[in-house]
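Letter by letter, the chains look like this.
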Amino acid sequence: MKPILIFTISVLLISVQASSQGCVAIRSIGGMCMMEHTGADTTESKWMFNANNRYFKSFRHFVGTQEQPQRIANGTEVINHSYALDLTLTRILDKRWSLAFNMPILYNERSSLYEHGGKERHTTKSFGMGDVRFTAYAWILDPASHHRFNAQAGLGIKLPTGDYKYQDKFYTATPGVTVYGPVDQSIQLGDGGTGFTTELNAYYNLSHRVNLYGNFYYLINPREQNGVSTARGGTPSPTAVAYGSDVMSVPDQYMYRLGANFQVNRFTLSGGIRKECVPAKDLVGGSNGFRRPGYVVSVEPGVTYAFKKMSLYAYVPVAVKRDRTQSVPDMIKTDITGTYAQGDAAFADYSVSIGMNIRF
């Protein structure tokens, strides 16, 4: 039973981190459940370290579920290149409890016309540490006696350690004139809020080679706005002030994964679905301010190769549905003008996650 549990654990928890899927700012702080300590036979591993690298390019614009292909045809699309290195260190306290610390290192590039006077394409960048997270995990059932099925709950706190006021140079419509201002919300290093994370991670072994997995993660951000202007170094427009989109919001986010694993010797093949979402309205606190709510549903194939104390993995979630939903400022604008309003957002076709997990 031990080999299948180790493979189940390695695959179930890998690539669970959520990350930006373009302008819908799902940040790199997703759930990282630690299913490695399954009972007394694995307690010799007191520490675990995971390094996950994720990259994507977003460039396809959507309003709701309707793609806007004219943006690419006209050369007016916004292009984000996003790279995240998520480092997670876990201390296994006993067969049921563990503590984890997660620190993301982020690098982003964003090129556009509309942010730089509308005539020439220029690029803004951001680099640095993101928002760190501390999480406590506990198995709901005793792992020593429940090998076929178990679930793990996690409760954590996310701290605003990432620079949520990161600035770069913007070109203006006046030739040769530039200004410095906060970069777009999608490439900010943090959201400026102290949040609370809830997680539930489960597996069910159908046989020695086949098992099912599920992960659910939700970030509760009580803070409504972080005070950062959306005017990119300029003055917010009267309409942005009227509709509440002149200041960045601090949104909730959630993610879930469902799928199956199949073990072949040291390889584990994985396939499932994944949804990442920034909701329009938060569970706690207000929801006004600028945000691009929406979600991505992806099919998620993956492969893991296990050594004795280490596993290597690669996952490639491929988007099958993208939806930029109506934000609170959109709703306010609709009420004021009497005309339905809904902004757009750029999404990626796929993302790539490659990493390793070490037990020691």
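Residues numbered from 1 in each chain as written. Predicted model: local features only at pLDDT ≥ 70, side-chain atom pairs only at ≥ 80, totals over all residues. Heavy atoms only, no water.

S.K.: Go over the overall build of the protein chain, please, and point to the residues and values.
M.R.: For the protein chain, the count of helices and strands is four helices and 20 strands. Burial analysis of the protein chain (360 residues in total) assigns 54% to the buried set. Pairs at least 24 residues apart make up 71% of the contacts formed inside the protein chain by residues separated by at least 6 positions. A total of about 14300 Å² of accessible surface is found on the protein chain, and carbon and sulfur atoms cover 63% of it. (Helix = DSSP H or I, 4+ residues; strand = E, 2+ residues; numbered from the N terminus. Buried < 20%, exposed > 50% of the residue type's maximum accessible area, 1.4 Å probe, protein only. Contact = heavy atoms within 4.5 Å. Areas by Shrake-Rupley, 256 points an atom, 1.4 Å probe, with all protein chains shown as cover.)

S.K.: Give me the lowdown on the side chain of Asn-50, citing residues and values where you can.
M.R.: Following the sequence through the fold, Asn-50 ends up in strand S1 (residues 47–63). For Asn-50, a relative accessible area of 2% corresponds to the buried category. There is a polar contact of 3.4 Å between the side chain of Asn-50 and the side chain of Tyr-313. Looking at Asn-50, its side chain comes within polar contact range of the main-chain oxygen of Met-356, at 3.3 Å. (Polar contact = N/O pair within 3.5 Å; in protein donor to acceptor, adjacent residues only side chain to side chain.)

S.K.: Now, about unusual backbone geometry: what can you tell me, with residues and values included?
M.R.: Its identity is not glycine, yet Arg-232 carries a phi of approximately 55°, on the positive side. With respect to the secondary-structure elements, Arg-232 resides in the loop between strand S12 (225–229) and helix H3 (238–243). When its relative accessible area of 19% is taken as the criterion, Arg-232 is described as buried.

S.K.: Give me the lowdown on the packing of aromatic side chains, citing residues and values where you can.
M.R.: Counted according to the given criterion, the structure contains eight aromatic pairs. One aromatic cluster is present, formed by Phe-267, Tyr-305 and Phe-307 through successive ring pairs. Between the NZ or CZ atom of Lys-57 and the centre of the ring of Phe-59, over which it lies, the distance is 5.1 Å. When the ring centre of Tyr-295 is taken as origin, the NZ or CZ atom of Lys-275, which lies over that ring, is 4.4 Å away. (Phe/Tyr/Trp six-rings, centres within 6.5 Å; stacked < 30°, edge-to-face > 60°. Lys NZ or Arg CZ within 6 Å of the ring centre and 35° of its normal.)

S.K.: Residue-level account of the confidence of the model for the protein chain, with values.
M.R.: Taken residue by residue, the protein chain gives an average pLDDT of 90. The fraction at 70 or more is 88%. Predicted confidence is poor over residues 29–43, with pLDDT under 50, and the contacts of this stretch with residues over four places away or in other chains come to 71 contacts. (pLDDT = per-residue confidence, 0-100.)

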